[in-house]
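Structural overview for review
Read off the chains here:
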Amino acid sequence: TINNSKPKSLIKSQIFKHLNSFSKEMRKPISDFLNEIENCEFPFIVEGKKDAVALKRIGAKQTISLSGPMYAFIEKISSRYKKVVILTDLDAEGKKLYSILHRGLSERGVTIDNYFREFLYRNTTLRQIEGLGTYIEGELYFDKLRKNIY
């Protein structure tokens, strides 16, 4: 964590160290990423309730938690939606669920929006969706500090 009692130059170096751990795409203001989540008109499919709460907390309009047998879930989603975002965890189990959902929904004509998943996987160390809200709050804190330093 950053201690505000430290000299500005030390705080600045800590911020740059943190920001430089991200790719150029992630360095764009995190508020852009939040706006994209808030403006997404398609439902986010997530593994559980904590994941849904995390997404709602940062502005997602619609989340759907996995429930029941997978085949029934896929049938239900494909009968209601033409496009979805699959945002299962980025760990081994989440990748397995993503593959099953992607294949099943695609076979039934549902378009999968991979932007959010790919962005998180390529540009962050986050692997559990339920931690997304806390992660983004941390990024906003760093962004605010960076603006105050310059």
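Please read all numbers here as calculations on a predicted model, not as lab measurements. (Residues numbered from 1 in each chain as written. Predicted model: local features only at pLDDT ≥ 70, side-chain atom pairs only at ≥ 80, totals over all residues. Heavy atoms only, no water.)

Attention now goes to the overall build of the protein. Helix and strand counts for the protein come out as eight helices and four strands. Helices (α) and strands (β) of the protein occur, in sequence order from the N terminus, as α-α-α-β-α-β-α-β-α-β-α-α. Taken over 150 residues, the protein has a buried fraction of 42%. Expressed as a percentage of contacts within the protein between residues at least 6 apart in sequence, the contacts between residues at least 24 apart total 64%. Of the roughly 8,500 Å² of accessible surface on the protein, 53% is carried by carbon and sulfur atoms. (Helix = DSSP H or I, 4+ residues; strand = E, 2+ residues; numbered from the N terminus. Buried < 20%, exposed > 50% of the residue type's maximum accessible area, 1.4 Å probe, protein only. Contact = heavy atoms within 4.5 Å. Areas by Shrake-Rupley, 256 points an atom, 1.4 Å probe, with all protein chains shown as cover.)

So, about the sheet that holds strand β1 (residues 44-46). With parallel pairing, the four strands of this open sheet are ordered in space as β2-β1-β3-β4. Two strands bound the open sheet, and with one partner strand each, they are β2 (63-65) and β4 (111-113). Pairwise comparison of adjacent strand axes, ignoring direction, gives a mean angle of 35° for this sheet. Sheet topology places β1 next to β2; three bridges connect them, and they run parallel. Each residue of the ladder has a partner; that of Ile45, found in β2, is Ile64. Docked against the sheet, helix α5 (residues 70-80) engages β1, β2 and β3 (83-86), running at close to 160° with respect to β2. (Pairing = 2+ DSSP bridges. Axes fitted to C-alpha atoms, helices over the stretch in contact; angles between N-to-C directions.)

What follows covers α5. Each turn of an α-helix holds 3.6 residues, which means side chains three or four residues apart point in the same direction. Among the residues of α5, Phe73, Ile74, Ile77 and Ser78 are the ones counted as buried. Buried residues of α5, seen end-on, are gathered within an arc of 125° and therefore sit on one face of the element. Residues of α5 that are exposed and point more than 90 degrees away from the buried face comprise Tyr71, Ser79 and Arg80. On its buried face, α5 sits against β1, β2, β3 and α6 (92-107). (Arc of directions from axis to C-beta.)

Our next topic: the nonpolar core. Nonpolar side chains in soluble globular proteins tend to be buried together. Phe44, Leu55, Leu87, Phe116 and Leu120 are the most contacted members of the largest nonpolar core, which has 21 residues in total. Elements with a minimum of two residues in this core: α3 (30-39), β1, α4 (49-57), α7 (115-123) and α8 (132-149). Setting aside chain neighbours within four positions, we find Leu55 in contact with Phe44, Val46, Ala60, Thr63, Leu87, Ile129 and Leu132. (Core = buried A, V, L, I, M, F, W, Y, C linked by side-chain atoms within 4.5 Å.)

Topologically, Asp113 is positioned in strand β4. Despite its burial, Asp113 remains without a salt bridge, the nearest opposite charge being carried by Lys83 at 4.4 Å. Ignoring anything within four residues of it in the chain, the contact list for Asp113 reads Lys83, Val84, Val85 and Ile86. (Lys, Arg positive; Asp, Glu negative; His and termini not counted. Salt bridge = Lys/Arg side-chain N within 4 Å of Asp/Glu carboxyl O.)

Let's shift gears to the confidence of the model for the protein. The pLDDT averaged across the protein works out to 80; a share of 71% of its residues lies at or above 70. Per-residue pLDDT stays below 50 along residues 1-21; that stretch engages in 26 contacts with residues further than four places along the chain or on separate chains. (pLDDT = per-residue confidence, 0-100.)

Our focus in this paragraph is the packing of α5 against α6. At a closest axis distance of 10 Å, the pairing of α5 and α6 adopts a crossing angle of 50°. Taken together, α5 and α6 sit at an angle that is classed as oblique. For the crossing formed where α5 meets α6, the hand is right-handed. Each of Met70, Phe73, Ile74, Ile77 and Ser78 in α5 lies in contact with α6, whose residues at this interface are Leu97, Ile100, Leu101, Gly104 and Leu105. (Parallel < 35°, antiparallel > 145°, perpendicular 65-115°, else oblique. Left-handed = near helix turned anticlockwise from the far one by under 90°.)

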